[in-house]
Amino acid sequence: MPSPILVWFRQDLRLSDNPALLQAVATGAPLHFLYILDDADAGDQALGAASRWWLHHSLAALGANIKAHGGQLTLASGHASEVLSDLITRYGIEAIYWNRMYEPWSVARDTALKSDLKDKDIRVETFNGSLLHEPWAVKTKAGGIFSVFTPFWKAVQALGDQETPGDAPDALNGAADVEPGQALKELDLLPTKPNWAAGFEPLWQPGESGARAMFEAFLSERVSAYSDGRNFPATPAVSRLSAHLHFGEISPRQVWYWTRSRMESGAIPVDAAWSFLRELGWRDFNRHLLFNNPHTVSGNFKPAFDAFPWQDDEDAFKAWTKGRTGYPFVDAGMRELWQTGIMHNRVRMVTASFLIKHLLTDWRKGEAWFRNTLIDADLANNVGGWQWTAGCGADASPYFRIFNPFTQGEKFDGDGSYTRKFVPELAALPDKWLHRPWEAPDEVLRKAGVVLGKTYPKPIVDHGKARERALRAYETTKSVNSSSQQKVA
Ligand code: FAD
């Protein structure tokens, strides 16, 4: 009888196309299945509150799926090294299989673990289960690291198609006599007093089958509208897969392969398919950037921004978090985030730009807020998105591109259906004034039941003045000496 193998689930909470699991199954050894809530190892990059809600439900789904296939998922919390040591001793485990993670804290943890396990004669097998290509696999012609997306994406495409994804095993050879680990409830992942996540439940189905259903609905109902519709938050055009992808309930290889297959069969338009797949490219690109530049988890990719004169206006920050800035499109986004755990990409860019440029708040503060409140919080994508918006990231939007919070609303939510949904106190305003209520005539406001400063805030900053202030602040980045500029060329 071969010695047991431990399959350690991390950001790969699925049975299908899970290389670590499939390879472990192929050995024929009895298997232990483990999830460790070990984000204390992550320090201030620990799981946010909304992610914890998602994780609770995803683990419930994974546990049930493993059970239905003949195994048992053991749950544990604490330092991974201690939990693993304990199980190795208790069950005589010979090898541990896992799919790799790429955040700086998890790379440090895994490197230390591998060396420790090697010293204990435990075999460790690791795999790529969450990227199209790993951060070191896509290289410039000179063998270097990319810092611009388009050539990165070309290099990804040149690497060719993804392999056919693997099916879930028919059955799992679960080890016998596994003692129960912690109960899911004991991980204490759900909010209680108050249960601010109650609104998430009807919207999301965490877990592998929820991911598959979401992807199927996207491919059959929404993908054709993707290229033109993806910028309009009220248009059902995007996949809504980000949390499923973050937790690994579906793999990028599955998404790539099934999108390509439908495209080749003519079921979905070529341009829509490629414009969607390109976003998976951005997901890989952000991993590539963070893995190869780990200091950018909290440091500016462009050192010229290190001297940026951020301001710390706590009242303004609070108003932003609560969706009470007086700019309806920004407020709709921040309230969408609070109510649903997600925010549309266009609105993420506008709200982030508003915080950074209109309020001169350090991007790291916004990144931390998003990380705590997004169900799809993903360190690489979030840091990438914030640094892109701030202008201090790789291949970033230039700092002087300052999104106008009301014309963005007029352009991308012209009929106001998104804004009215999340800012209902303005619902009766005509389209013409919805995104700039401070310019509406008194009579129009009165008829719509809007009293600025009472039923809805006046703008907390004047757009024109805030814009000029932001551009003046940006001047400081230009005086940085050319040697540090060269570093990012
Ligand atoms: P789709 O448009 O359907 O795209 C498919 C998938 O591609 C997404 O699920 C996601 O995995 C990936 N993707 C899409 N857009 C991007 C992008 N711009 N960068 C990287 N990957 C992308 N995404 C996260 O997954 N987690 C985050 O914490 C996160 N924080 C962000 C913060 C800011 C300030 C900004 C501007 C963007 C952020 N994004 C983040 C990227 C993007 O907004 C979301 O991935 C997208 O809105 C998710 O919706 P979707 O699944 O319907 O995307």
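Owing to the predicted nature of the structure, the values given are computational and were not obtained by experimental measurement.

Novice: How would you sum up the pairing of strand E3 (residues 73-77)? Please name residues and give values.
Specialist: Among the 5 residues in E3, 4 count as buried, and that is most of the element. As for the winding sense of the linkage, the β-α-β connection from strand E2 (residues 31-37) through helix H2 (residues 49-68) to E3 is right-handed.

Novice: Summarise the site of the ligand; cite the residues concerned and give the values.
Specialist: Lining the immediate surroundings of the ligand are 26 residues, of which Tyr226, Ser239, Arg240, Asn345 and Asp376 lie closest. Note that a nitrogen atom of the ligand is positioned 2.9 Å from one of the backbone N or O atoms of Asp376. Backbone polar atom of Asp378 to an oxygen atom of the ligand: 3.1 Å apart, as the coordinates give it. Protein chains shield 94% of the accessible area of the ligand, which is 820 Å² for the free molecule. Listing elements by their share of the shell around the ligand, those giving two or more residues are helix H8 (242-246), helix H10 (270-292), helix H13 (345-358) and helix H15 (379-390).

Novice: Quick rundown of the packing of aromatic side chains? Include the residues and the values.
Specialist: Taken as a whole and assessed by the stated rule, the structure comprises 46 aromatic pairs. Judged by centre distance (6.4 Å) and plane angle (40°), the rings of Phe149 and Phe152 are tilted. Highlighted residues: Phe149 and Phe152, both in helix H5 (residues 149-158), separated by 3 residues, approximately one helical turn. You can call Phe149 buried: its relative accessible area is 2%. The rings of Trp53, Trp54, Trp196, Phe200, Trp204, Phe247, Phe317, Trp320, Trp338, Trp369, Phe370 and Trp386 are connected pair by pair, giving a single aromatic cluster. Here the basic side chain of Arg346 rests over the ring of Phe412, its NZ or CZ set 4.1 Å away from the ring centre.

Novice: An account of helix H1 (residues 19-27) is needed here, citing residue identities and associated values.
Specialist: All of the buried residues along H1 are Pro19, Ala20, Leu21 and Ala24. Close packing links the buried residues of H1 with strand E1 (5-9), E2, strand E4 (95-99), strand E5 (123-127) and helix H9 (252-264). Just downstream of H1, Gly28 is the residue with a positive phi angle, here 80°.

Novice: So what's going on with the sheet that holds E2? Residues and values would help.
Specialist: Strand order in the open sheet made by the 5 strands is E3-E2-E1-E4-E5, with parallel pairing throughout. Taken across any chain shown, the strands that pair with only one partner, and hence form the sheet edges, are E3 and E5. Strand-to-strand, the axes of this sheet are offset by a mean angle of 25°, without reference to chain direction. For E1 and E2, the ladder comprises 5 bridges, and the chain directions are parallel. Across the sheet, Ile5 pairs through a bridge with Leu31, a residue of E2.

How each quantity is defined
- Residues numbered from 1 in each chain as written.
- Predicted model: local features only at pLDDT ≥ 70, side-chain atom pairs only at ≥ 80, totals over all residues.
- Heavy atoms only, no water.
- Buried < 20%, exposed > 50% of the residue type's maximum accessible area, 1.4 Å probe, protein only.
- Helix = DSSP H or I, 4+ residues; strand = E, 2+ residues; numbered from the N terminus.
- Right-handed = clockwise from strand over helix to strand, strands pointing away.
- Near = heavy atom within 4 Å.
- Polar contact = N/O pair within 3.5 Å; in protein donor to acceptor, adjacent residues only side chain to side chain.
- Areas by Shrake-Rupley, 256 points an atom, 1.4 Å probe, with all protein chains shown as cover.
- Phe/Tyr/Trp six-rings, centres within 6.5 Å; stacked < 30°, edge-to-face > 60°.
- Lys NZ or Arg CZ within 6 Å of the ring centre and 35° of its normal.
- Contact = heavy atoms within 4.5 Å.
- Pairing = 2+ DSSP bridges.
- Axes fitted to C-alpha atoms, helices over the stretch in contact; angles between N-to-C directions.

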